[in-house]
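# Coordinate inspection notes
Listed here are the chains, written in short residue letters.
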Amino acid sequence: MGAVKLSKAPAYRWWILVMNMLAYGYFFMTIQTAAAFGGAIQEAMGLNATMLSFYTTATMISFALLAGPGGKLIAKVGTKKTILIALAIDVVASAVFAIAGGNYVSDLVLRFIQGISGGFIGAAAVNSTAMWFPVRQRGIAGGILLGVLGIGFTLATLGAQALLGTGMPWYAAMGGLTAVSGVVIFALYLLTVREISAVYPGAMSIAELLPEESTSDAPARDTSKLPATMAEVRRNGKYWACAVFGFGNAFLVYGFGTFLMFLLMNDLGITSDLITTVISSTFFITIVAAPLGGILSDNVFKGSRYQTLMIATGITAVSLLLIPLIGSASVILVAVLLMLAYGSVSMILGPFWAIPNEIAQPQISGQCTGELTMLSNIGGIVAAPIFAALIDGTGTALVCLGICVAVGVISFLCARIIHQ
């Protein structure tokens, strides 16, 4: 029997979005704890910026490497079980960290294990969200989902300040913050989330259950003509343009956190009491910028993605280029430019991560998302050590800023090639 047809998308899709936001945001909080607790870690263990960066790099390596297998795991056990497995991995590693952290080598091993959870969560959360929403809502839904990246960063910073103020050892505070949060989210996901196939037997996406979109200027959505195997997908030039674009986006998303504090304090001379406010505002802007990108893509450009990607990457490059010209002359203007730069990096997230589900047939969309996540996150792996080494070697973060401008320009060109 075929799947039941729907007259409109189910309201339950919004709860799925909320739970995917919690799961994915939790992992990004895990990533950012290394930077949020960075000062305490360096003071306790005598690490330089490069050594500290490996607390993030270790997590990013496994995040990238396991995204591809995460896509395959989705095909075998489904998105819900994939995310529950991922959350359990992070919780266990965090609990061990809280008890036995403080040794550099074992800390890096535990951070690597935490990154495994991200590889699984990333592919599953993005794919699940896209499959639960109609095509013309995927950009907005993906933008809301991925807007939690900055919130996760902000919560890690605020949590570090609160817990370190209690006098707890840094590793107990850092591991405890993620372990307790993970247990709560695991329970909610287990008890409240269902697969599409469980709610609507025979269906793989909500879009296939809805009437076809009739808007004449909407892009064609005949999925039967899309590649049915990953080998076919890889022969498409759009796929490789997406891989380069995703690499650049991850490079910027994770690179910001590596050099931003050094840039503000040492290069721009902004006082320490203002830095936390500037950084928190910079990361928190994602909650507005990421959905905004989805609105542009879904509503203004009628489901077409590349225009939003070009606008956003152009804003990124220009905003970052202006920051050293302003310098310390206006803290407010620097903060606005940083918010524009990081906000525009986030603005592309919803539209961009809708693309893997639109260049492949639904049965391999999870694998396509997972593989692109893996290739993209290589940018996140290399960003932290490259920027940390440049800061250690040159004593300035301005060269890091210049590299980010170049990445923005390259991403702009890739967006035109994607043309999806």
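Relevant structure appears above.
For the structure given in this document, a descriptive report is provided here. (Residues numbered from 1 in each chain as written. Predicted model: local features only at pLDDT ≥ 70, side-chain atom pairs only at ≥ 80, totals over all residues. Heavy atoms only, no water.)

Evaluation of the coordinates by the stated rule reveals three salt bridges. Of the charged contacts, one joins Arg-234 and Glu-371 as a salt bridge, the two residues approaching to 2.8 Å between their closest N and O atoms. With Arg-234 in helix α10 (residues 230-234) and Glu-371 in helix α17 (residues 365-394), this pair connects stretches of sequence that are 137 residues apart. By relative accessible area, Arg-234 is classed as partly exposed at 35%. For Glu-371, a relative accessible area of 15% translates into the label buried. A salt bridge links Arg-305 to Asp-298, with the shortest nitrogen-to-oxygen separation between them at 2.6 Å. According to the relative accessible area criterion, Arg-305 is buried, its value standing at 0%. Salt bridges linked by common partners bring Asp-298, Arg-305 and Glu-358 together as one network. (Salt bridge = Lys/Arg side-chain N within 4 Å of Asp/Glu carboxyl O. Helix = DSSP H or I, 4+ residues; strand = E, 2+ residues; numbered from the N terminus. Buried < 20%, exposed > 50% of the residue type's maximum accessible area, 1.4 Å probe, protein only.)

On to the packing of aromatic side chains, then. This structure, assessed with the given rule, holds 16 aromatic pairs. Taken together, a centroid distance of 5.8 Å and an interplanar angle of 65 degrees make the contact between Tyr-55 and Tyr-104 edge-to-face. Here Tyr-55 is found in helix α3 (residues 49-77), whereas its partner Tyr-104 is found in helix α5 (residues 104-132), with 49 residues between them in sequence. Relative to Trp-353, the ring of Phe-352 lies with its centre 4.9 Å away and its plane at 80 degrees, an arrangement referred to as edge-to-face. Classification of Phe-352 as buried rests on a relative accessible area of 1%. Following the ring pairs from residue to residue traces out a cluster consisting of Tyr-55, Phe-97, Tyr-104, Trp-170 and Tyr-171. (Phe/Tyr/Trp six-rings, centres within 6.5 Å; stacked < 30°, edge-to-face > 60°.)

Turning to the side chain of Ser-53, a few remarks are in order. When you line up the elements, Ser-53 lands in helix α3. By relative accessible area, Ser-53 is classed as buried at 6%.

This brings us to empty space enclosed by the protein. Under the criterion given, the structure shown has five cavities of 30 Å³ or more. Taken together, 16 residues form the lining of the largest cavity, with Tyr-24, Asn-249, Tyr-254, Trp-353 and Asn-377 sitting closest to its centre. Counting residues per element, the ones that place at least two in the lining of the largest cavity are α1 (12-36), α11 (237-267), α16 (349-354) and α17. With five residues, α11 is the largest single contributor of residues to the lining of the largest cavity. Split by residue class, the lining of the largest cavity holds 11 nonpolar, five polar and no charged. (1 Å grid on protein atoms, 1.4 Å probe; cavity = no way out; pocket = protein on both sides within 12 Å on 5 of 7 lines; lining within 4 Å. Points joined across faces, edges and corners; volume = space filled by probe spheres on them. Nonpolar A, V, L, I, M, F, W, Y, C, P; charged D, E, K, R; others polar.)

Let us look at the packing of α3 against α5. Running from N to C, α3 and α5 cross one another at 40 degrees; their axes reach a closest spacing of 5 Å. One way to sum up the angle between α3 and α5 is to call them oblique. For α3 against α5, the interelement crossing comes out right-handed. Looking at the contact of α3 with α5 residue by residue, the classes come out as 17 nonpolar, 10 polar and two charged. (Axes fitted to C-alpha atoms, helices over the stretch in contact; angles between N-to-C directions. Parallel < 35°, antiparallel > 145°, perpendicular 65-115°, else oblique. Left-handed = near helix turned anticlockwise from the far one by under 90°.)

With that settled, the discussion passes to the nonpolar core. Among the nonpolar cores identified, the biggest contains 119 residues, and Tyr-24, Tyr-55, Ile-206, Tyr-254, Phe-259 and Phe-352 are the most heavily contacted of them. In terms of residue count, the dominant contributor to this core is α11 (15 residues). (Core = buried A, V, L, I, M, F, W, Y, C linked by side-chain atoms within 4.5 Å.)

The next subject is unusual backbone geometry. Of note, the phi angle at Lys-302 is positive, near 55 degrees, even though the residue is not glycine. Its place among the elements puts Lys-302 in the loop between α13 (286-300) and α14 (306-326). A relative accessible area of 27% means that Lys-302 is categorised as partly exposed.

Counting through the fold element by element, Ala-290 comes out in helix α13. Residue Ala-290 is classed as buried on the basis of its relative accessible area, which comes to 0%. The spacing of Ala-290 and Gly-350 is 60 residues in sequence and 6.3 Å in space, taken between C-alpha atoms. If we ignore the near neighbours within four places in the chain, the residues touching Ala-290 are Gly-143, Leu-146, Gly-147, Ser-346 and Met-347. (Contact = heavy atoms within 4.5 Å.)

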